[in-house]
Amino acid sequence: MFRFLISRLVQAVWVILAVSVIAFALFQYVGDPVSQMLGQDATASDRERLRVALGLDQPFYVQFATFIANAVSGDFGLSLKQGRPVSDLILERMPATLELAGVAAALAVLLGIPLGTVAALNPRAWPSRVIMSLSLIGVSLPTFFIGILLIFIFSVKLGWLPSYGRGQTVDLGAWRSNLFSMDGWAHLILPAITLCLFQLTLIVRLVRGEVMEVLGQDFIRFARARGLSPLSVYLRHALRNALIPVVTIIGLQLGTVIAFALITETVFQWPGMGLLFAQSVAFADIPVMAAYLCLIAVIFVAINLIVDLLYVVIDPRLRTARAGD
């Protein structure tokens, strides 16, 4: 297990470096931050002085090496748009994104696994047909359209829920949370549903397929022949074995929820890291964009490592195999 962890950590370092190189190279062609900062009326000498001050006159490999050396110590430089440390901007926006992604992921898992199981136990019943029909609609609609539709129905027409912002937050020191106020939850409901809907429908369809496959295997027949109750067969044997591939998808989807929350955050003007990234792209704020993508890469790598460890917990055969190694 120790060798496994070390090998995965080494792979993680290479993945993060590769993502950093690609992102940093692509961002060189996004736009000219000097023009954004000085405007069109600036002279050539003013542009050159600012370019030298920002280090943009250096070759690509020098800029990248400086970025990596500073990033290791937690310094991602200054935002070209706001003139503030990028790490401060990300730390300010991170609670909003993590809370939104956490609530969306929890909704997707807590609803997706039971609904997928119900749809698998009796595939021809009307509840299963309704669940699968709704899941097909959910997986087909783009996220931005779902958000706009929810805003139109629940904010514009019914006036039940707010359509933008984070609402009232509670200061917990370094963390500002909207999970401890009713107004905060009111602002969170629509973006959380928008963000979770695609993941929810994907989990429903995956769980249904896996449970139906497991129910047809021999060990399920033996469990029924032993006189075990249907609930025990479904929960202890069928669902547990079906969750092994599902855990992978859920883990990857959690990273996807965080990474692609920028669409939902833009639609609802949710003040998270995704909205910060979208605004940075419009301004060609390279330090913010590079730091955001590096952070997302770290999150994906960490989630993949956790998923691999969960395999050992779910499937005892893996524990035996690793003990033999």
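All residue numbers refer to position in the chain's written sequence, counted from 1. The model is predicted, so local features are restricted to residues of pLDDT at least 70 and side-chain atom pairs to those at 80 or more, both for listing and for counting; the totals for chains, interfaces and linings are taken over all residues. Side-chain numbers come from the whole structure's heavy atoms, not from hydrogens or water.

S.K.: So what exactly am I meant to see when it comes to the pattern of salt bridges here?
M.R.: For side chains bearing opposite charge, pairing can occur when the charged atoms are close. The term salt bridge refers to a side-chain nitrogen of Lys or Arg lying within 4 Å of a carboxyl oxygen of Asp or Glu. For the structure shown, the criterion picks out two salt bridges. Its salt-bridge partner being Arg166, residue Glu99 comes within 3.1 Å of it at the nearest N-O pair. Taken together, the positions of Glu99 in helix 5 (residues 86-121) and Arg166 in the loop between helix 7 (143-157) and strand 1 (170-171) put the pair 67 residues apart, joining distant regions of the chain. Residue classification places Arg166 among the buried positions, given a relative accessible area of 10%. A salt bridge links Arg176 to Asp171, with the shortest nitrogen-to-oxygen separation between them at 3.6 Å. Remark: exposure states derive from per-residue accessible area (1.4 Å probe, protein chains only) relative to the maximum for the residue type, with buried under 20%, exposed over 50%, and partly exposed in between. Taking relative accessible area as the criterion, Arg176 reaches 40% and is therefore assigned partly exposed. Judged by its relative accessible area of 48%, Asp171 is partly exposed. In this text, helices come from DSSP runs of H or I with a minimum length of four residues, and strands from runs of E with a minimum of two, each type numbered from the N-terminal end.

S.K.: When you look at helix 4 (residues 60-72) in this model, what are you seeing that I'm missing?
M.R.: Given 3.6 residues per turn, any residue in an α-helix points the same way as the ones three and four places further on. Over its 13 residues, helix 4 runs 18 Å from end to end, which matches the ideal 18 Å to within 8%, given 1.5 Å per residue. Taken together, the buried positions of helix 4 are occupied by Gln63, Phe64, Phe67 and Ala71. The arc that holds every buried residue of helix 4, seen down its axis, measures 95 degrees, which confines them to one face. Every exposed residue of helix 4 that faces more than 90 degrees away from the buried side is listed here: Tyr61 and Val72. Of the residues trailing helix 4, Gly74 is marked for its positive phi of about 85 degrees. Working rule for helices: expected span equals 1.5 Å times residues minus one. Throughout, the arc means that of the directions going from the helix axis to the C-beta atoms.

S.K.: How should I be thinking about a nonpolar patch on the surface in this particular structure?
M.R.: Taken together, the side chains of Phe144, Phe145, Ile148, Leu149, Phe152, Ile153, Val156, Leu158, Trp160 and Ile263 define a hydrophobic patch exposed on the protein surface, amounting to about 960 Å² of accessible area. Per element, the largest residue contribution to the nonpolar patch is seven residues, and it comes from helix 7. Mapped onto the fold, Ile153 is located in helix 7. Only residues whose relative accessible area exceeds 30% and that take part in no salt bridge are eligible for patches, with like-charged residues grouped when within 9 Å of each other and nonpolar side chains (Val, Leu, Ile, Met, Phe, Trp, Tyr) grouped when within 5 Å. The Shrake-Rupley method, run with a 1.4 Å probe, gives the accessible areas here. Residue values count only the displayed protein chains as cover.

S.K.: Would you take a moment to explain the packing of helix 5 against helix 6 (residues 126-140) for this structure?
M.R.: Direction vectors running N to C along helix 5 and helix 6 enclose 130 degrees, while the axes themselves pass 8 Å from each other. One element, helix 5, and the other, helix 6, form an angle in the oblique class. Where helix 5 crosses over helix 6, the handedness of that crossing is left-handed. Mapping the contact onto sequence places Leu115, Val118 and Ala119 in helix 5 and Ser128, Ile131 and Met132 in helix 6. Nonpolar residues are Ala, Val, Leu, Ile, Met, Phe, Trp, Tyr, Cys and Pro. Charged residues are Asp, Glu, Lys and Arg, and all others, Gly as well, are polar. Classifying every residue of the contact of helix 5 with helix 6 gives five nonpolar, one polar and no charged. The axes are straight lines fitted to the C-alpha atoms, using for helices just the contacting stretch, and the angles between their N-to-C directions are given from 0 to 180°. For classification purposes, angles smaller than 35 degrees are called roughly parallel, those larger than 145 roughly antiparallel, those between 65 and 115 roughly perpendicular, and all remaining angles oblique. Helix crossings are classified by the rotation of the near helix relative to the far one: an anticlockwise turn of less than a right angle makes the crossing left-handed, while a clockwise turn makes it right-handed. Contacts between residues were defined by any pair of non-hydrogen atoms, one from each residue, lying within 4.5 Å.

S.K.: Even after reading the chapter, I still don't get the nonpolar core, so can you show me in this structure?
M.R.: Across soluble globular proteins, nonpolar side chains have a tendency to be buried as a group. Residues Ile90 and Val211 are the most contacted members of the largest nonpolar core, which totals 55 residues. Counting only elements with at least two residues in this core, the list comes to helix 4, helix 5, helix 6, helix 8 (182-215), helix 10 (230-259), helix 12 (273-283) and helix 13 (286-314). The greatest single-element share of this core, amounting to 13 residues, is contributed by helix 5. Aside from chain neighbours lying at most four places away, what touches Val211 is Ala120, Leu239 and Ala242. Counting residues in hydrophobic clusters, the runner-up holds seven residues, among them Leu150, Ile151, Leu161 and Phe268. Put simply, a nonpolar core is a bunch of buried Ala, Val, Leu, Ile, Met, Phe, Trp, Tyr and Cys residues held in one set by side-chain atoms that sit within 4.5 Å of each other.

S.K.: How do you make sense of unusual backbone geometry when you look at a structure like this?
M.R.: Only a minority of non-glycine residues have a phi that is not negative, and only a minority of peptide bonds are not trans. Positive phi, normally seen in glycine, also occurs at Gln269, with a value near 50 degrees. With respect to the helices and strands, Gln269 occurs in the loop between helix 11 (261-268) and helix 12.

S.K.: It is not clear to me how helix 7 should be interpreted in this structure. Could you clarify?
M.R.: The terminal C-alpha atoms of helix 7, which comprises 15 residues, lie 20 Å apart, in line with the 21 Å expected from a rise of 1.5 Å per residue. The term bend refers to the angle at a residue between two fitted axes, each drawn through seven residues, those ending there and those starting there. Of all the bends found along helix 7, the most pronounced is centred on Ile151 and spans about 25 degrees. For helix 7, every residue scored as buried is listed here: Ile146, Gly147, Leu150, Ile151 and Ser155. Taken together, the buried residues of helix 7 touch helix 6, helix 8 and helix 11. Phi turns positive one or two residues past the end of helix 7, at Gly159, with a value near 65 degrees.

S.K.: Explain the confidence of the model for the chain here, please?
M.R.: When pLDDT drops low, the exact placement of atoms in the prediction is not to be read closely. Think of pLDDT as the predictor's per-residue confidence, scored from 0 to 100. In this model, the chain carries a mean pLDDT of 78, and residues with pLDDT of at least 70 account for 84%. Confidence scores differ between elements of the chain, with helix 14 (residues 316-324) showing the lowest mean pLDDT of 51 and helix 7 the highest of 88.

S.K.: Got a minute to help me understand the packing of aromatic side chains in this structure?
M.R.: Each aromatic ring pair is characterised by the separation of its centres together with the angle its planes make. Ring pairs shown here join Phe, Tyr and Trp side chains whose ring centres sit within 6.5 Å, with only the six-membered ring taken for Trp; geometry is labelled stacked below 30 degrees between planes, edge-to-face above 60, and tilted in between. The full count for this structure, using the stated rule, is two aromatic pairs. On the basis of an interplanar angle of 45 degrees and a centroid distance of 6.2 Å, the ring pair of Phe154 and Trp160 is categorised as tilted. Judged by its relative accessible area of 26%, Phe154 is partly exposed.

S.K.: Quick question: what am I supposed to make of the environment of Val109 here?
M.R.: Within the secondary structure, Val109 is located in helix 5. For Val109, a relative accessible area of 24% translates into the label partly exposed. Counting along the chain gives 95 residues from Val109 to Val204, while the straight-line C-alpha distance between them is 8.9 Å. Beyond its immediate chain neighbours, meaning those up to four positions away, Val109 contacts Pro114, Ile203 and Ile250.

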